[in-house]
Amino acid sequence: MPNVMSSKERVLTTFAHQEADRVPIDYSANPGIDGRLKAHYGLKPNDNEGLRQALGVDFRYVGAPYVGPHPHQAVLGRAGKDVKVDIWGIHRRWVEHETGGYWDYCDFPLQDATLEEVEAWPMPSPDDFDYARVPELCTHYGDFCVSAGNSGLGDMINSAGMVFHMERVLIGLMTDDPAVLRYIDRRLGVLHEVTRRTLEAAAGRVDLLKMGEDLGTQIGPMISLKLYRKHFRPRHQCFVDLGKTFDIPVMIHTCGSSSWAYEDFIEMGVTAVDTLQPEAKNMSPAYLKRTFGGRLAFHGCISTAGPVASGTVDEVAEDVRNTLQIMMPGGGYALAPTHQLQDNSPTENVVAMYQAAHRHGRY
């Protein structure tokens, strides 16, 4: 058995397709289940680090917070309720459901926008992010795998769909709609520069760059490979190359049936793929390990729509054990939920998931 490693060593060893002391572990959750987990472990509601320590999480995420003026005015939403408007002009309204709620996209302010209106659309400036915070966070999380970016970095479909509406974005990508493409390029230009300055401020203390693009439904691709190569790949390549410039691996988040794009990811220099919904077409752990093992590292696989949400504690543990048996050999696998753990997941099931990861994830 390998000697006990730091989280940083564990993740980097795993992503280099070598067996570490145990499988790395990551965490992401909606507010409802996050709060219940903190209560379960006797933690304060704002003790994010304490929860990650309790779960044995190996990843920490850092970024430069926005500190500039708000480019968009808040608006009054439906039924007299306030609608949140973020720095990109995305409108969200609160939607409740039986186990909690979420902020859903609404209004779609650029749905009928012209190219001229897109050119005039306010964007945050890369100058208005606090890069001085980055070195402090990197030092604080020095023993962990420090990751910059997130699942939406480099994303085109979702981020544009939030302001244009999804229908116009998908049609616009197929028809080369100049307004849609210009919005995408303006946004990605800002994000690329913010990411570059963030990595520069980190001075070699960021270990991983995370980006994302949802490419699949449950039953197949959302777009064609031809369209991916025309519009997506060159724009994604800029972020992958940014990771190469700073000599760090790049992990890309892709929901649904997305393994059809993995050969392109390999050619582009992507190190790891995230989400890995096992119920989607050509996304089972066995298929992924057999087809791409040794060429891509994997991060995810524990379905937030599977036993964690609807099974028993024993079924959760068995699902984790079976996944690890397939994915662990030879390294290259970090255990994580496929998406944010949802509010409908029983607390005991999530606890069982992480307990099983530690119990069965040792080499």
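About the cut-offs
- Residue numbers restart at each chain and count upward from 1, following the sequence in its written direction.
- In keeping with the model being predicted, local features are shown solely for residues with a pLDDT of at least 70 and side-chain atom pairs are shown and tallied solely at 80 or more, while totals for entire chains, interfaces and linings include all residues.
- Only hydrogens and water are set aside; all other atoms, that is, all heavy atoms of the structure, feed into the side-chain values.
- We count a salt bridge whenever a side-chain nitrogen from Lys or Arg sits within 4 Å of a carboxyl oxygen from Asp or Glu.
- Each helix is a run of DSSP H or I of at least 4 residues and each strand a run of E of at least 2, with the numbering of both proceeding from the N terminus.
- To sort residues, take the accessible area from a 1.4 Å probe on protein chains only and compare it with the maximum for the residue type: under 20% means buried, over 50% means exposed, and anything in between is partly exposed.
- Only buried residues count toward a nonpolar core, which is a set of Ala, Val, Leu, Ile, Met, Phe, Trp, Tyr and Cys residues joined through side-chain atoms within 4.5 Å.
- Contacts between residues were defined by any pair of non-hydrogen atoms, one from each residue, lying within 4.5 Å.

Peer 1: I'm lost on the pattern of salt bridges in this one. Help?
Peer 2: A pair can form between side chains of opposite charge whenever their charged atoms are brought close. On inspection of all chains with the given rule, the structure shows 23 salt bridges. A salt bridge links arginine 10 to aspartate 58, with the nearest nitrogen and oxygen atoms 2.6 Å apart. Taken together, the residues arginine 10 in helix α1 (residues 7-15) and aspartate 58 in the loop between α3 (48-55) and β1 (59-62) connect sequence positions 48 residues apart. Like arginine 10, the residue aspartate 58 is buried in the burial classification. When the shortest N-O distance is used, the salt bridge between aspartate 86 and arginine 92 registers 3.1 Å. When salt bridges with common partners are traced through the structure, they connect Asp127, Glu193, Arg196, Arg197 and Glu200 into a single cluster.

Peer 1: Where do I start with the nonpolar core in this structure?
Peer 2: One recurring pattern in soluble globular proteins is that nonpolar side chains are buried together. Core analysis: the biggest nonpolar cluster contains 95 residues, and Phe164, Tyr183 and Phe265 have the highest contact counts within it. The element that contributes the greatest number of residues to this core is helix α8 (residues 178-202), accounting for 11 residues. In this structure phenylalanine 164 touches Phe108, Leu110, Gln111, Ala113, Val118, Val169, Ala179, Val180 and Tyr183, once residues within four positions along its chain are discounted. Listed in part, the nine residues of the second largest apolar core include Phe59, Leu208, Met251 and Ala334.

Peer 1: How do you make sense of unusual backbone geometry when you look at a structure like this?
Peer 2: Glycine aside, residues mostly have negative phi, and peptide bonds are mostly found in the trans state. Even without glycine at this site, aspartate 107 takes up a positive phi of about 70 degrees. The residue aspartate 107 is located in the loop between β5 (100-106) and α4 (115-120) in this model. The phi angle at threonine 275 is positive, at roughly 95 degrees, despite the residue not being glycine. Here threonine 275 is to be found in strand β9 (residues 272-275). The exposure class assigned to threonine 275 is buried, which follows from its relative accessible area of 0%.

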